[in-house]
Amino acid sequence: MSISPQRESYFRSDIQGLRGIAVLLVVIYHTGFALPGGFVGVDMFFVISGFVITQVLLREYEETGKISLCNFYARRARRLIPALSVVTIFTLLISLVAMSPFGEQQQIIKTALASTFFAGNIHLFAMNSYEALKDNPLRHLWSLGVEEQFYWIYPVLFVGIIRAARKRFYSTLTILLSVIAAASFVIGVLLSYGFEFGYTSGSSLSSQISFIAKIGFEPGGDWPTKFAFFGAPARFWEILLGSLTALAVKKFTFKFRVTASLLVVAAIAALIWSSVALNSRSAFPGALALLPVLGTVSLIFFNQQVSPVNRLLTSSPLVYLGDISYSLYLWHWPLIVFSRAIWPGSESFLIFSILFL
């Protein structure tokens, strides 16, 4: 490892290509045609988001010596709210004619209200499991809730470290993010296997740690597994690993191309296996989420040293998908739900609704 020269540009088209792959996995998964583990595209998004946002904050700090919280939240609002508002209004209007007034419409309205304040994950956790909400055209907005709840805290933490440890900013930030990520990961793993924090009346220690043997059940079966899926504290580690990757890319380059190639191949294998072998009954996120998360981290850090992979990630189709990934993510699920509601059993209309995007 060696110190890298200052990069002239923070933009990386390969990151857009990774976004394109992530959204493609999610869309294919939601159609039900293939990739039963395609939901790992969301985990890829979390890593990429942490990486990109940390790069933005680092650049601002290096150029100005400070972080403007007002500017940060204004940028987030300009990026997220207009498109989210259009999709939400469209969904509410179409729901009036496409969805049942006996429960479905009320559920959609409640989800829309919660998602407007980036609390869709909290609402869905309180209401039901992810799979049980298959006819809710706004259920996919839970991931935006996790991200924005992270970003309510992260820039404030950034500013606090600048003020408290300016001379040791990078080392302090790296250590603190690592500790928080480790704690979040442990919480996510325990909850994914059904561990309940705290004792209930008459419970024994053995019953509290019986989560070790609980594998292979559908997430959402009880509150720990539901919270592992929807809860921000159990997901923060995925975003934080992206943040730590941004710090690593900033300070170091990896010179061993053969090792980099092997790690990239392993990363691709992890993403493919996750997309094909995992399904809704897997104990996810838990330890299994390490596969797509570390796979994404490895691709971010090493793909530029592996020409064939880098050419794929910077190809025009994938970069284009990455450029429209936010809009595509917002729109794809409502259109799939409405096409199934209006033309049940018609795969041609389902395909048309995807191509319409």
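Residues numbered from 1 in each chain as written. Predicted model: local features only at pLDDT ≥ 70, side-chain atom pairs only at ≥ 80, totals over all residues. Heavy atoms only, no water.

Undergrad: Quick rundown of the overall build of the protein chain? Include the residues and the values.
TA: The number of helices and strands found in the protein chain is 16 helices and 2 strands. When contacts within the protein chain are restricted to residue pairs at least 6 apart in sequence, those whose partners lie at least 24 apart make up 76%. (Helix = DSSP H or I, 4+ residues; strand = E, 2+ residues; numbered from the N terminus. Contact = heavy atoms within 4.5 Å.)

Undergrad: Help me get a handle on helix 7 (residues 169-192), residues and values and all.
TA: The first and last C-alpha atoms of helix 7 sit 34 Å apart over 24 residues, in line with the 34 Å expected at 1.5 Å per residue. If you check which residues of helix 7 are buried, you get F169, L173, L177, A181, S184, G188, V189, L190, L191 and S192. Those residues of helix 7 hidden inside the fold are in contact with helix 2 (40-64), helix 6 (142-164), helix 9 (223-230) and helix 10 (236-251). (Expected span 1.5 Å × (residues − 1). Buried < 20%, exposed > 50% of the residue type's maximum accessible area, 1.4 Å probe, protein only.)

Undergrad: Report on unusual backbone geometry, specifying residues and quantitative values.
TA: Following F284, the chain continues into P285 via a peptide bond in cis, with omega recorded as 15°. The backbone of L35 shows a phi angle near 55°, a positive value even though the residue is not glycine. Relative to the assigned elements, L35 resides in the loop between helix 1 (13-31) and helix 2. The phi dihedral of F118 is positive, around 55°, even though this residue is not glycine. Counting through the fold element by element, F118 comes out in the loop between helix 4 (104-116) and helix 5 (120-127). A relative accessible area of 12% means that F118 is categorised as buried.

Undergrad: I'd like to hear about the layout of surface pockets, residue by residue, with values.
TA: Over the atoms a probe the size of a water molecule is rolled, and this reveals where empty space is left. Taken as a whole, the largest pocket holds about 480 Å³ of empty space. If you go around the largest pocket, you meet 23 residues; those closest to its centre are R19, S49, R76, R79 and E147. For the lining of the largest pocket, the secondary-structure elements that each account for two or more residues are helix 1, helix 2, helix 3 (69-98), helix 6, helix 14 (316-323) and helix 15 (325-342). Looking at the lining of the largest pocket, the element that brings in the most residues is helix 2, giving 8 residues. (1 Å grid on protein atoms, 1.4 Å probe; cavity = no way out; pocket = protein on both sides within 12 Å on 5 of 7 lines; lining within 4 Å. Points joined across faces, edges and corners; volume = space filled by probe spheres on them.)

Undergrad: Outline the packing of aromatic side chains, supporting the account with residue identities and numerical values.
TA: Where two aromatic rings form a pair, the distance of their centres and the angle of their planes describe that pair. Using the criterion set out here, one finds 21 aromatic pairs in the structure. Seen in terms of ring centroids, F45 and Y329 are 6.1 Å apart; in terms of plane orientation they differ by 70°. Their pairing is edge-to-face. Of this pair, F45 sits in helix 2 while Y329 sits in helix 15, and the two are 284 residues apart along the sequence. You can call F45 buried: its relative accessible area is 13%. A ring pair is formed by W142 and F229, whose centres lie 4.9 Å apart and whose planes are at 40°; its orientation type is tilted. Of the two residues, W142 sits in helix 6 while F229 sits in helix 9, which places them 87 residues apart along the sequence. Ring pairs connect the aromatic residues Y61, F72, Y73, F150, Y151, Y154, F158, F169, Y170 and F236, which therefore count as one cluster. Lying across the ring of Y326, R79 places its NZ or CZ 5.1 Å from the centre. In this structure, R235 packs its charged tip against the face of F229, placed 4.9 Å from the ring centre. (Phe/Tyr/Trp six-rings, centres within 6.5 Å; stacked < 30°, edge-to-face > 60°. Lys NZ or Arg CZ within 6 Å of the ring centre and 35° of its normal.)

Undergrad: Hey, could you go over the side chain of Q149 for me, with residue numbers and the actual values?
TA: Looking at the secondary structure, you find Q149 in helix 6. Reaching out from Q149, the side chain makes a polar contact with the backbone oxygen of F118 at a distance of 3.0 Å. Beyond its immediate chain neighbours, meaning those up to four positions away, Q149 contacts F118, A119, N121, I122, A232 and F236. (Polar contact = N/O pair within 3.5 Å; in protein donor to acceptor, adjacent residues only side chain to side chain.)

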